[in-house]
Amino acid sequence: MRTVRLRLLPSGAQERRLRKLADATARLWNELNYTRLMQFRMMGKIDFKGTEHEFYHKYKDKLGVNAGQVVRLSNWAWDSFFETLRLYRQGKLPRFNSKPSPPGFWKDKLLGKRRLIILVRNDRYYLEQVNGGEGYLVLKDWGLKIKYAGRVKWSGRQGMLMIKLEDNRWFAYVPIEVGSKPVRSNPRGYVMGVYEKVQIEKPRGSNKAFIDIGLNNLFAVVFNHSDTAILIKGSTIKAEYYWWKREIGTYQAIRDWLRNCGFKTWHKYHAFYLHAVFKRRERLRHYYRTAIRFLAKTLWQMGIDEVFVGYPYLVGQDNGNEYNVNIWWFSKIIRWLGEVLQEYGIRLNVVNEYGTSRQCSICDMKHENGRVKRGLYICQTTGIGINADLNAARNIAKRAGYEVPMPTKILGYMVTTNGVKPLTPKEGETTKTPKINPTSLR
Ligand SMILES: [Zn+2]
């Protein structure tokens, strides 16, 4: 399964139509969720069938069979809530997980406005492509044919479409079961993209790579077959992250102040705030994806067929929002990495990295104050210094059962807005004027 994101470009009339449909969809979700929440609070359980019947029929005139998709998503959300709650009560969730909460409402808490989302069943829409970068999205139940922009990378059977308004832009998310043929009852439910299967390349060797994911070094990589190591610096990402964090904080503060003083203009600052949140996500997404594409290609060129990555164990940093943001990004990065590596036929394994940053990869001891300033780890037995993140990567290798040579050659890279650039100067070049061949770094 892969999801393709397309930007929708509706006309004025289409836009108004989309808003109405999305509002009805959100009302259905919220009303159904409210009824279920009340049942849960009063009886500790919910009547899936009864509520499903009631609300499906209330909305099927407006939304057609697509109302059923909202009900299904709600069922899924409640099912997984009950499952998590069960694990929580049995004490089977990791300690740092707080008590699970029931599914929420599609609503902006401050404005009280509904979040605009439309769900369309897999056989109630199709894409009409004009060329590789644009075409039309046809919504059969509502007689809409909306222009879209965006490249469809994958071919395969289409799943439930999700249309969302994000920062005043409409996006269509099309899930594609790559390589699957359409069912006979719905021959148009097939999206033609560039690739028919996820795996495009074959591994060129059987070497292993071990990755530590961090904030200073986005990726620190060591290998079992080579004393070369790779560091992809996260400084750009970190700088942008903090810049947006400050923007978001400022708008939030002005908004709350205006709101407390009873000024209506707080709405405007809330809009600025939401825009900044959206921008931050889009920018970071761009950087991470650029870095991941580059890393996957480099690993493939080095003959890697299997990668071990440490899953960050961020215990002790549980300061609410920041912690959640980090966890959210780490899971996203690992998922993206796995998806891109799959295109090269490289397997990804996730290793619990708890303690790998404190342990010494040279003598296996846990040195107090081993991690010293500026990202250097010094072994207090041998006196040898090693980059702290590469030390963690070597420990990840040990945890996976591999011995890796001590890195002697470190290739440094930096993620920029237009690609990944090497920091390690080659002959005749300096870090100040990096000469790169753009095609080799894509
Ligand atoms: Zn040591």
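Below is a short write-up of the structure. (Residues numbered from 1 in each chain as written. Predicted model: local features only at pLDDT ≥ 70, side-chain atom pairs only at ≥ 80, totals over all residues. Heavy atoms only, no water.)

Some points on the coordination of the zinc ion
Inclusion rule: Donors, by definition, are the N, O and S atoms found within 2.8 Å of a metal, the threshold being 3.2 Å for Na, K and Ca, and water is not counted, so a site can look incomplete. Accessible area is worked out with a 1.4 Å probe on protein chains only. A residue is then buried under 20% of its type maximum, exposed over 50%, and partly exposed in between.
Around the zinc ion, the protein contributes the donor atoms C360 (SG), C363 (SG), H367 (NE2) and C379 (SG), which lie 2.1 to 2.3 Å from the metal centre. On the primary sequence, the residues serving as donors to the zinc ion are separated as C-x2-C-x3-H-x11-C. In this structure H367 comes out as buried when scored by relative accessible area, which is 8%.

Some words on the sheet that holds strand β12 (residues 228–233)
Our working definition: When DSSP finds at least two bridges between two strands, those strands are taken to pair. Numbering goes from the N terminus for both helices and strands, where a helix is a DSSP run of H or I of at least four residues and a strand is a run of E of at least two. Lines fitted to C-alpha atoms define the axes, with helix axes restricted to the stretch in contact, and inter-axis angles between N-to-C directions lie between 0 and 180 degrees. Here, residues are in contact when the closest pair of their heavy atoms is within 4.5 Å.
Taken in spatial order, the seven strands line up as β14-β13-β10-β11-β12-β18-β19 in an open sheet, and their pairing is mixed. Each edge of the open sheet carries a strand with a single partner, namely β14 (347–352) and β19 (419–422). The mean inter-strand angle of the sheet, taken between neighbouring strand axes irrespective of direction, is 25°. In this structure, strand β10 (residues 207–213) lies alongside strand β13 (residues 304–311), joined through five bridges in parallel fashion. Note on β13: the bridge partner recorded for I211 is V309. Sheet strands touched by helix α5 (residues 266–301): β10, β11 (217–223), β12, β13, β18 (409–416) and β19. Its angle to β11, the strand with the most contacts, is close to 10°. In this fold helix α7 (residues 388–399) packs onto β10, β11, β12, β13, β14 and β18, with an angle of close to 50° to the strand it touches most, β11.

Description of the pairing of β11
Summarising burial for β11: seven of the seven residues are buried, a large majority. Where β10 and β11 come together, five bridges link them in antiparallel fashion. Among the inter-strand pairings, A209 is bridged to a residue of β11, identified as F223. Between β10 and the antiparallel strand that follows it, β11, lie three residues. Judged from the four bridges that link them, β11 and β12 form a sheet pairing that is antiparallel. What sits directly across from A220, in β12, is L231. Linking β11 back to β12 in an antiparallel pair, the connection comprises four residues.

As far as function goes, none of this settles anything; it's purely spatial.
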